[in-house]
Amino acid sequence: MSKPKALAVVGPTASGKSALGMALARQLYGEIVCMDSMQIYKRMDIGTAKPTQAERATVPHHLVDIVEPGEAYTVARYAEDAQRVMEEITSRGALPILVGGTGFYLQALTQGLTLGGVQSDPQVRERLKAMAQDEEGKRLLHERLRAVDPVTAARLHPNDITRVSRALEVYELTGIAMSAQEQPEFDSPFEIFRIGVAMERSVLYQRIDARVDAMMAQGLLEEVKALLTEDVSPQAQAMQGIGYKELVPVIQGLYPLENAVSDIKRNSRHYAKRQMTWFRRDGQIYWLKPDQDNTEAQALAIARAFWEGTQA
C-alpha cells in the first residue's frame, strides 16, 4: 500500500522558504507544518521570523507557538508532534508541507533518530563542558548523566568530560539516552519529497543582513527584554537562539548594541553555511536553480507532479 505524501521545503535562513511554502500551500491545498526549532516558542516572534497572523489566517500553520520559552523541546518530541499533525492533515485530504531549516527535524522524520550520527551542537557542548571546570563540577555533570542515562554513566569515568558531555548533549538534543541508540531500521510512514531553496552566497548574506536590520527595527531588543522580564532564564534552550543570546548582554549593560547586531549578522551567516552543509548531504533534495527568477514555478511544477503521482 502506498504511503501518504508530504512535501518539505528546506534551505538556509533568509532564503525565502516560508514564502515558497505559502505559495505551494495555496496552489496545492496544503497546510504548513513548522520545521523550525525556534518558531515553536511562544512570544518569540520577531527574532524567529515567525509567520504573521495574516499569513496563518490565509494558510493553516501547525507547530507554531506550542512551547513556553522556558521549556525544553527535543527532536524526539518534535517527531511525534509532526507525525501526528501530518496524519491529521492527510485525513482531511490536504497536503502536509514541512517548511523550515532545522535539518535535524527533517532527519528525524525521514531517517529516524539514529543517535550515533547526531550532529554536535557547539553551544550545547561548550555549555556542558563549562560546568566541569573543577572536581565538583565533574561530579555534578556525571550525576546529571546518571539521572538520564545510567547505562552510559556506568561505563564513563567522571573525569572523561568529553564523553560525558557528548552523552548529555545527545540526550539534550534528542530526549533519548545514548545507550538506547541501537534502533530497528526506520521506515517513515510518509513519502516526503524534499525541495531545496538555495542562492548565491553573496546574495544570501545580503538578505541575512537586511533581515537582521529589519528585526531590530521591528523591536527585537524589546522582545528579548520582555522575555527576561518574564523570568525566562538566559540559559534556557530557547534563549540560545541567534538574535536572542547576543542581545542578553546588551540588556544587562555588558555589551554595546552595535556590536551585538554585528554578531547576530555574523552568527546568522555562519548558521546558514552550516545549514547548507547539512542539507547538501541529503541526496534526495531537489534543489531549485538559484540563478533563475521562476523558482516558484519550478517548485510548483515538481510539487504538483509529486502530489498527483506523475513523473516530473
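Cut-off values and rules
Residues numbered from 1 in each chain as written. Predicted model: local features only at pLDDT ≥ 70, side-chain atom pairs only at ≥ 80, totals over all residues. Heavy atoms only, no water. Helix = DSSP H or I, 4+ residues; strand = E, 2+ residues; numbered from the N terminus. Rg over C-alpha atoms; globule rule 2.2 N^0.38 Å. Buried < 20%, exposed > 50% of the residue type's maximum accessible area, 1.4 Å probe, protein only. Contact = heavy atoms within 4.5 Å. Areas by Shrake-Rupley, 256 points an atom, 1.4 Å probe, with all protein chains shown as cover. Lys, Arg positive; Asp, Glu negative; His and termini not counted. Charge placed at Lys NZ, Arg CZ, Asp CG, Glu CD. Pairing = 2+ DSSP bridges. Salt bridge = Lys/Arg side-chain N within 4 Å of Asp/Glu carboxyl O. Expected span 1.5 Å × (residues − 1). Arc of directions from axis to C-beta. Core = buried A, V, L, I, M, F, W, Y, C linked by side-chain atoms within 4.5 Å. Phe/Tyr/Trp six-rings, centres within 6.5 Å; stacked < 30°, edge-to-face > 60°.

Undergrad: Explanation requested: the overall build of the protein chain in the structure shown.
TA: A count of helical and extended segments in the protein chain gives 13 helices and six strands. Its C-alpha atoms give the protein chain a radius of gyration of 20 Å, near enough to 20 Å, the size a compact globule of 312 residues would have. Along the longest, intermediate and shortest principal axes, the C-alpha atoms of the protein chain span 60 × 50 × 35 Å. Here the protein chain holds 312 residues, and 49% of them are scored as buried. Restricting the contact set of the protein chain to residue pairs at least 6 apart, pairs at least 24 apart contribute 73%. As presented, the protein chain carries roughly 15300 Å² of accessible surface, and 50% of it is formed by carbon and sulfur atoms. Of the side chains in the protein chain, 36 bear a positive and 40 a negative charge, and the two mean positions are spaced by 3 Å.

Undergrad: Would you mind showing me how to read the pairing of strand β1 (residues 5-10) here?
TA: On a regular strand, one side chain projects to one face of the sheet and the next to the other, so that they alternate. Across the six residues that make up β1, a large majority, six, are buried. Covered by surrounding structure in β1 are K5, L7 and V9 together with A6, A8 and V10, the residues of both alternating faces. Across six bridges, the pairing between β1 and strand β5 (residues 191-196) is parallel. The partner of L7 across the bridge, within β5, is F193. Taken together, the three bridges between β1 and strand β4 (residues 95-99) define a ladder with parallel strand orientation. Residue A8 lies in a different strand from β4, and its bridge partner there is L98.

Undergrad: Help me out: how do you make sense of the pattern of salt bridges in this one?
TA: This model, assessed by the stated rule, comprises 21 salt bridges. Close ionic contact of E172 with R144 constitutes a salt bridge, the shortest N to O distance being 3.9 Å. Of the two residues, E172 sits in helix α8 (residues 161-174) while R144 sits in helix α6 (residues 135-148), which places them 28 residues apart along the sequence. Taking relative accessible area as the criterion, R144 reaches 37% and is therefore assigned partly exposed. Notably, a salt bridge pairs D263 with R266, separated by 3.2 Å at the nearest N-O pair. With D263 and R266 both in helix α12 (residues 257-280), this residue pair falls three residues apart, about one helical turn.

Undergrad: I would appreciate a short explanation of unusual backbone geometry in the present structure.
TA: As a rule of thumb, non-glycine residues mostly have phi less than zero, and peptide bonds are mostly trans rather than cis. The phi angle at R43 is positive, at roughly 60 degrees, despite the residue not being glycine. By secondary structure assignment, the location of R43 is in the loop between β2 (30-34) and α2 (53-58). For A49, which is not glycine, the phi dihedral falls at a positive 55 degrees. When its relative accessible area of 26% is taken as the criterion, A49 is described as partly exposed.

Undergrad: So what exactly am I meant to see when it comes to the sheet that holds β2 here?
TA: Two orientations exist for strands paired in a sheet by backbone hydrogen bonds: parallel and antiparallel. Across the sheet, which stays open at both edges, the six strands sit in the order β3-β2-β4-β1-β5-β6 with parallel pairing between neighbours. Each edge of the sheet is formed by a strand with only one pairing partner; in this case those strands are β3 (61-62) and β6 (285-287).

Undergrad: Which parts of the structure should I look at to understand helix α9 (residues 201-218)?
TA: An α-helix turns once every 3.6 residues. As a result, residues three or four positions apart point the same way. With 18 residues, α9 ought to run about 26 Å at 1.5 Å a step, and its terminal C-alpha atoms sit 25 Å apart, in line with that. Taken as a whole, α9 has its buried residues at L204, I208, V212, M215 and M216. End-on view of α9: buried residues confined to an arc of 115 degrees, all on one side of the axis. Away from its buried face by more than 90 degrees, α9 exposes Q206, A217 and Q218. Tucked inside the fold, the buried residues of α9 contact α10 (220-229) and α12.

Undergrad: Is there a simple way to think about the side chain of S165 in this case?
TA: One can find S165 in helix α8. Using a relative accessible area of 1% as the deciding quantity, one classes S165 as buried. With residues near it in sequence (within four places) discarded, S165 still touches L128, K129 and L141.

Undergrad: Before we go on, may I ask you to explain the nonpolar core in this structure?
TA: Where a protein is soluble and globular, its nonpolar side chains tend to be buried together. Core analysis: the biggest nonpolar cluster contains 70 residues, and V33, Y78, M86, L98, M239 and L247 have the highest contact counts within it. Considering each element in turn, this core owes the most residues, seven residues, to helix α3 (residues 75-91). In contact with L247, not counting residues within four places along its chain, are M216, L220, L221, V224, L257, A260 and I264. Formed by 20 residues, the second largest nonpolar core is a distinct cluster that contains V59, V99, L300 and A303.

Undergrad: Sorry, what's going on with the packing of aromatic side chains here?
TA: How two aromatic rings sit relative to each other is set out by the distance from centre to centre and by the angle between their planes. Per the stated rule, a full pass over the model turns up four aromatic pairs. Between F193 and F306, the aromatic rings sit 5.3 Å apart at their centres with planes inclined by 25 degrees, giving stacked as the arrangement. On the criterion of sequence distance, the pair formed by F193 in strand β5 and F306 in helix α13 (residues 295-307) is long-range, its members being 113 residues apart. Residue class for F306 comes out buried when judged on its relative accessible area of 9%. Clustering of aromatic rings is evident, with ring pairs tying together F193, Y286 and F306.

Undergrad: Sorry if this is basic, but what is going on with α13 here?
TA: End to end, α13 covers 18 Å across 13 residues, agreeing with the expected 18 Å (1.5 Å per residue, within 8%). What α13 keeps buried is the set Q298, A299, L300, I302, A303, A305 and F306. Taken together, the buried residues of α13 touch β1, α1 (17-28), β5 and β6. A positive phi of about 80 degrees marks G309, the residue just after α13.

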